[in-house]
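Next come the chains, spelled out residue by residue.
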Amino acid sequence: SCVRKRSQIKITDIFARAGGWSPLDSNERQWLQVDLGDRVEIVAVATQGRYGSSDWVTSYTLMFSDTGRNWKQYRQDDTIWVFTGNSNADSVVHHKFLHSMKARFLRFIPLKWNVSGRIGLRVEVFGCSYKSDIADFDGRSSLLYRFNQKLMSTFKDVVSLKFKSMQGDGVLFHGEGQRGDYVTLELQKGKLSLHINLGDSNLHFSNSHTSVTLGSLLDDQHWHSVLIERFNKQVNFTVDKHTQHFRTKGDSDHLDIDYELSFGGIPVPGKPGTFQRKNFHGCIENLYYNGVNIIDLAKRRKPQIYTGNVTFSCSEPQVVPITFVSTSHSYLLLPGTPQIDGLSVSFQFRTWNKDGLLLFTELSENSGPLLVYLHGGRLTLLIQKETENPVEISEGTNLHDGLWHSVNINARRHRITLTLDNNAATASHATTVSRIYSGNSYYFGGCPDNFTDSQCLNPVTAFQGCMRLIFIDNQPKDLILVQQGSLGNFSDLHIDLCGIKDSENSNLTTLRILAIYEQSCEGYRHQGKTSGFFYIDSDGSGPLGPLRVFCNITEDKIWTAVQHNNTGITRVQGADPEKPYTMSFNYNSSAEQLEAIINSAEYCEQEAAYHCRKSRLLNTPNGMPFAWWVGRANEKHLYWGGSLPGIQQCACGLEESCLDMRYFCNYHLPVTQIVITDTNRSNSEAAWKIGPLRCYGDRQFWNAASFNTEASYLHFPTFHAEVSADISFFFKTTAVSGVFLENLGIKDFIRVEINSPKEITFSIDVGNGPTEATVQSPTPLNDNQWHYVRAERNLKQTSLQVDSLPKKVLEAPAEGHFRLQLNSQLFVGGTASRQKGFLGCIRSLHLNGQKLDLEERAKTTPGVKPGCPGHCSSYGNLCHNGGKCVEKYNGYSCDCTNSAYEGPFCKEEVSAVFEAGTSITYIFQEPYPVTKNASTSSSAIYADAVMSKENIAFSFLTAHTPSLLLYINTYFHEYLAVILSKNGSLQVRYKLSKDGLLIFTIDSGNFANRELHHVKINREGRELVIQVDQVLKLKHNFSEIDFKAIKSLTLGKVTDSLSLDPEVSKANAYGFTGCLSSVQYNHIAPLKAALRHPSVAPVTVKGSLTESSCAAIMEADVNTVTTIYSSSDPFGKTDEREPLTNAVRSDSAVIGGVIAVVIFIIFCIIAIMSRFLYQHKQAHRSSQTKEKEYPENLESSFKADIDLQNTVSECKREYFI
């Protein structure tokens, strides 16, 4: 069982007698750091406030580290997790982690604390001792694992390890054989690549090699886990939590490796197939190859392991990274030594942003300011002096790639040198008229707001990213001293961590909320967003804060999901009424936030499942329950899945299908707690699962009213906005003016109106005379499209925002009245005088965070109708690629029927991998019955079927030439063909009855370069336009066009017996091997029809066709079919099986099942051995012509006879399966 690690905090300051930690200053820069003495596995924490005081922390985050100098934030669902703290000084709040942490140091960072007290904290850490085998590689060392025989031939391999490194490149392991087999795992630019080849001695034949890449920013000096599972040609490749499945190419199913496997590098280059790569520089932990602990063998000096300069403890570089969070306020100020003859500054940076200031210093002796900055991803050094021409040096390209780049600036007298990435051969030099003297102050990343004090200039934006290894005047700068306040100064920095995301996303991971968020997932959907994590703010600027949720945006519904701290199946034993089992759920939010989401949704649900063995829910049907769950308002509920409230039974109790009908089993939201009290008897146990809160629909987003006359209006109770008002709504109209809303007092009033087609005005009078904030639009606002208005007033200012136009802000007078006193009803869509009424629609009206139900009030009001039609006029532009906007009562949807794309906005590509011989043929309906031999008279039959245009669009990716991409033929032996020539150029070939053969060649490059290319061919009448990769390549006017009577369209190889011209026939011999995406011909999408409606559409598929994403496989081998997915969905649904369903069966049934399983396993072993022996004989026969099928789920195959241990730990957990 886990060993409890208790951190004893000894306080020596004035707070010692009260017990607990409380810093002298309570602010956001405080933390409590715990040193656990060694790396341990941390599974939970608990907190209390300071003893006998009003000091406690109400929310906090956690960070962990191996060294205490390079930290990582604890995350859940790819976000920095905020833990709920204490509500008093004495209660203990426990938090069990979804994912354990292995670390020596743990840091508690208070975010909020008791407003009537200070920061106060007592902590306890729970975990297990952690044992591991570690090897340290210095970039020149390696481990060799030598086989007992010359050749190791395997059809199944499992490799697992953890690694950490500061270097972006390096080989983790490599093995190869004489036949051309090899396997290599290596870091490449901070990403992990797996290269594998099975049985091809011709190393230049590209289609037998497979390369797959996962991860990003893996050179962050934090541990990353790797698991590679191969069974014949099927491979699972997992890095951290992300898995890629693929099938390898090659002659056989076996991987044949000669002599040895090397780990940490390739010690003896020059073997057949070996390619030059850097050795790995970093640490590897718990390295297992097919169940063999490689590092353990090396530590014990076993003869099959050769150890080359490897040590068995991880040397930790004492490097402190920093993160520049803000693009406007972040900076780091460090002192230098002024007036030195010359200059020497160096540092490393990484970022996803193209622009940002890296360094500014004012050189001494009037040498001028020196700036180093990124502009367009290029590094620029600039020295400006009023009396001389500026000196400018530029280096590098694409430096915003997320990789670490080093910058060295050296100056001596009149010469300055800029070196990028330590490449002295490409360093740039410049000469200045004046001598260069070092500066006094060095600003990194940005400038302070006060220019008078700093004289710091920034020609671009502030830098947003990470830096490390800062040297000034050849001396390293200790950033921990900066953090402690004893060196330099800073603003908006995270010191001792690099906080940019490990994906190609330019956002920084910061706790600050810098944007105004939508009030529901529905709002993000109508911005054109796709599924993902978002913050929603249900009451706008009301008292409730934003909440992070997962928005699942589908064609049908928009689901909002809120995760809590325990969504897995949990087993319970040893609970009774005296010592009940209790689990409380933390949604990382307040009850009011969750209630706001639920109240505004059309429908909500939450899975509450209970499985039991000899564990009762009720003593008698009307007795005291033994298990229940607690919902909103702390109410106890006794119903479970499949049942109804108040019945106190499960579905089997209602259907009389329970195993023993003498005992009943049982089923508002959200679920906040579960209590179980009957698992303490012999063989008694239970398992439960509470899923995430899931809701769809937003009743307020589309809550609208239509005002049909100027005299019509809706009235509501008086708007109480004495000191602050926040009004937001959408409107659409064709009228030139009208009042949206008005509320009057004796003298005071508040009003929002459209004065003219281009002008919105917010008027307010609190007794000092009217104040008007007006926003003017450059385009008319009465265009019958939805527009957004937000009007705000507080004691300091009055503001008005319309759409994304600049906000109009008026400062409040320093003296006079400030309370807004209203007493009439609130009029919406009109005024008390019934003049200047509004004609049009208003929806989603919010006042101070409260939602007004316009639809319900409109049902009983003459001249006003609930709802508002015509949403496509505003949102139809969100339907892309030929998708059609369809009106709905509440919103709209995109109909992608005639589009080559799919998804909620018709933007998701539909693509597939073609192999040699693959063919898709779409047959067009014959316009009239005709004979095979077309005559002059029959041409009249087709006169009405002349195609006046072709709109063709598709994308492709391939490495093979020649290739036939698309072929259209007619009943008159005319055709249109798109082919790749032998040299990789693109040809469009028209064969017409009057113009003959016309060939249009695009030879601007080799299009068979394993990159995704986009082709558009548009003919309207006689004019032809061809675009490739969004660039106009060709225009042509036909003399006469009569392309008519289309018979069929083929993608890939033409299999019909057609008389093709020689060039087309030559390309058709190979067909097309590669990936085709989103093929469109006029209103027909043949590839989509073949993949989605093969039994209904007039389409024929021949050969192998595998759906895949062309964009996703662009970096991998073009012939490799891969599918990428996360190893767990956003809410941790890892196993939907019921754990205790069969536990109530009789013992005899269990024994019988065990016997049956044993017999089945014996037969399986015999069958596998027979098959293995047979395959071993057939492994290298050249006559293999048919690929075998293998199971997609390989887990049982891998783990039946190999014990995969990523770590050796004293933590043990059991699950019922």
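How each quantity is defined
- Residues numbered from 1 in each chain as written.
- Predicted model: local features only at pLDDT ≥ 70, side-chain atom pairs only at ≥ 80, totals over all residues.
- Heavy atoms only, no water.
- Helix = DSSP H or I, 4+ residues; strand = E, 2+ residues; numbered from the N terminus.
- Buried < 20%, exposed > 50% of the residue type's maximum accessible area, 1.4 Å probe, protein only.
- Polar contact = N/O pair within 3.5 Å; in protein donor to acceptor, adjacent residues only side chain to side chain.
- Contact = heavy atoms within 4.5 Å.
- pLDDT = per-residue confidence, 0-100.
- Patch = residues over 30% accessible without salt bridge, like charges linked within 9 Å, V, L, I, M, F, W, Y side chains within 5 Å.
- Areas by Shrake-Rupley, 256 points an atom, 1.4 Å probe, with all protein chains shown as cover.
- Salt bridge = Lys/Arg side-chain N within 4 Å of Asp/Glu carboxyl O.
- Pairing = 2+ DSSP bridges.
- Axes fitted to C-alpha atoms, helices over the stretch in contact; angles between N-to-C directions.
- Disulfide = S-S within 2.5 Å.
- Core = buried A, V, L, I, M, F, W, Y, C linked by side-chain atoms within 4.5 Å.
- Phe/Tyr/Trp six-rings, centres within 6.5 Å; stacked < 30°, edge-to-face > 60°.
- Lys NZ or Arg CZ within 6 Å of the ring centre and 35° of its normal.

Brief notes about the overall build of the chain
Here comes step 1: Regarding its fold elements, the chain presents 13 helices and 82 strands.
Here comes step 2: Counting the 1217 residues in the chain, one finds 52% classified as buried.

Some words on the side chain of Gln483
Here comes step 1: Looking at where Gln483 falls in the secondary structure, it is placed in helix α3 (residues 479-483).
Here comes step 2: Here Ile495 takes part through its backbone oxygen, which lies 3.3 Å from a polar atom of the side chain of Gln483.
Here comes step 3: In contact with Gln483, not counting residues within four places along its chain, are Trp31, Arg107, Phe490, Ile495 and Asp496.

Describing the confidence of the model for the chain
Here comes step 1: When pLDDT is averaged along the chain, the result is 79; 80% of the residues meet or exceed 70.
Here comes step 2: Note that pLDDT drops below 50 for residues 927-946; the model gives that stretch 18 contacts with residues more than four away or on any other chain.

Here we look at a nonpolar patch on the surface
Here comes step 1: A surface patch of nonpolar side chains, amounting to about 260 Å² of accessible area, comprises Val723, Leu795 and Phe818.
Here comes step 2: Inspection of the secondary structure puts Phe818 in the loop between β60 (808-811) and β61 (826-828).
Here comes step 3: The partly exposed category is assigned to Phe818, whose relative accessible area is 43%.

Considerations on the sheet that holds strand β77 (residues 1046-1052)
Here comes step 1: If you trace the seven strands from one edge of the open sheet to the other, you get β73-β72-β71-β70-β77-β68-β79, paired in antiparallel fashion. The open sheet has two edge strands, β73 (996-1002) and β79 (1099-1102), and neither has a second partner. Between one strand axis and the next, the sheet turns by 10 degrees as a mean value, whatever way the strands run.
Here comes step 2: Of the strands in this sheet, β70 (963-970), β71 (975-980), β72 (986-992) and β77 are in contact with helix α10 (residues 1062-1070), which crosses β70 at around 130 degrees.

Comments concerning the environment of Leu370
Here comes step 1: Structurally, the position occupied by Leu370 is in strand β28 (residues 368-375).
Here comes step 2: For Leu370, a relative accessible area of 0% puts it in the buried group.
Here comes step 3: A sequence separation of eleven residues divides Leu370 from Leu359, and the C-alpha atoms of the two residues are 7.9 Å apart.
Here comes step 4: Sequence-distant contacts of Leu370, defined by excluding residues within four places in its chain, comprise Leu343, Leu359, Phe360, Thr361, Leu363, Leu382, Ile383 and Ile416.

Let's talk about the state of the cysteines
A disulfide bridge is the covalent bond that connects two cysteines by way of their sulfur atoms.
Here comes step 1: Throughout the structure, instances matching the rule amount to nine disulfides.
Here comes step 2: Sulfur-sulfur distance for the disulfide between Cys604 and Cys695 comes to 2.0 Å. Residues Cys604 and Cys695 are joined through a disulfide that is right-handed, its torsion about the S-S bond being 110 degrees. Considered together, Cys604 and Cys695 belong to a single accessibility category, that of buried residues.
Here comes step 3: Across the disulfide from Cys841 sits Cys868; the S-S distance is 1.9 Å. Handedness here is read from the sign of the S-S torsion; for Cys841 and Cys868, about 85 degrees, the answer is right-handed. Within this pair, whereas Cys841 is found in strand β62 (residues 840-847), its partner Cys868 is found in the loop between β64 (864-866) and α8 (872-875), the two being separated by 27 residues in sequence. For the pair Cys841 and Cys868, a shared accessibility class is recorded, and that class is buried.

Concerning the sheet that holds strand β44 (residues 603-605)
Here comes step 1: With antiparallel pairing, five strands are arranged side by side in an open sheet as β39-β40-β41-β50-β44. Two strands bound the open sheet, and with one partner strand each, they are β39 (532-536) and β44. With direction set aside, neighbouring strand axes in the sheet form an average angle of 30 degrees.
Here comes step 2: Taken together, the four bridges between strand β41 (residues 558-562) and strand β50 (residues 693-696) define a ladder with antiparallel strand orientation. Its bridge partner lying in β50, Val562 is registered against Leu693.

Examining the nonpolar core
Here comes step 1: Phe954, Phe956, Leu986, Tyr990, Phe1000, Leu1051 and Leu1087 are the most contacted members of the largest nonpolar core, which totals 45 residues.
Here comes step 2: In contact with Phe954, other than residues within four places in its own chain, are Leu965, Leu966, Val978, His1013, His1014, Val1015, Leu1076, Ser1077, Ser1078 and Val1079.
Here comes step 3: Membership of the second largest hydrophobic core comes to 42 residues, among which are Leu379, Leu399, Phe463 and Leu479.

A look at the environment of Ala427
Here comes step 1: Tracing the sequence through the fold places Ala427 in the loop between β32 (415-420) and β33 (428-431).
Here comes step 2: Of the residues examined, Ala427 reaches a relative accessible area of 16% and is grouped as buried.
Here comes step 3: As a C-alpha pair, Ala427 and Asn408 span 19 residues in sequence and 9.4 Å in three-dimensional space.
Here comes step 4: Excluding anything up to four places from it in sequence, Ala427 contacts Glu395, Thr417, Leu418 and Thr419.

Structural notes on the packing of aromatic side chains
Here comes step 1: Scanning the model with the defined rule gives 35 aromatic pairs in all.
Here comes step 2: Aromatic side chains Tyr922 and Phe924 sit 5.4 Å apart centroid to centroid with 65 degrees between the ring planes, which places their arrangement in the edge-to-face category.
Here comes step 3: Residue Tyr922 is classed as buried on the basis of its relative accessible area of 14%.
Here comes step 4: Residue Phe924 is classed as buried on the basis of its relative accessible area, which comes to 15%.
Here comes step 5: Put simply, the rings of Tyr60, Tyr74, Phe83, Phe97 and Phe108 pair up and form one aromatic cluster.
Here comes step 6: The ring of Trp71 has Arg107 sitting right over it, with the charged end atom 4.0 Å from the ring centre.

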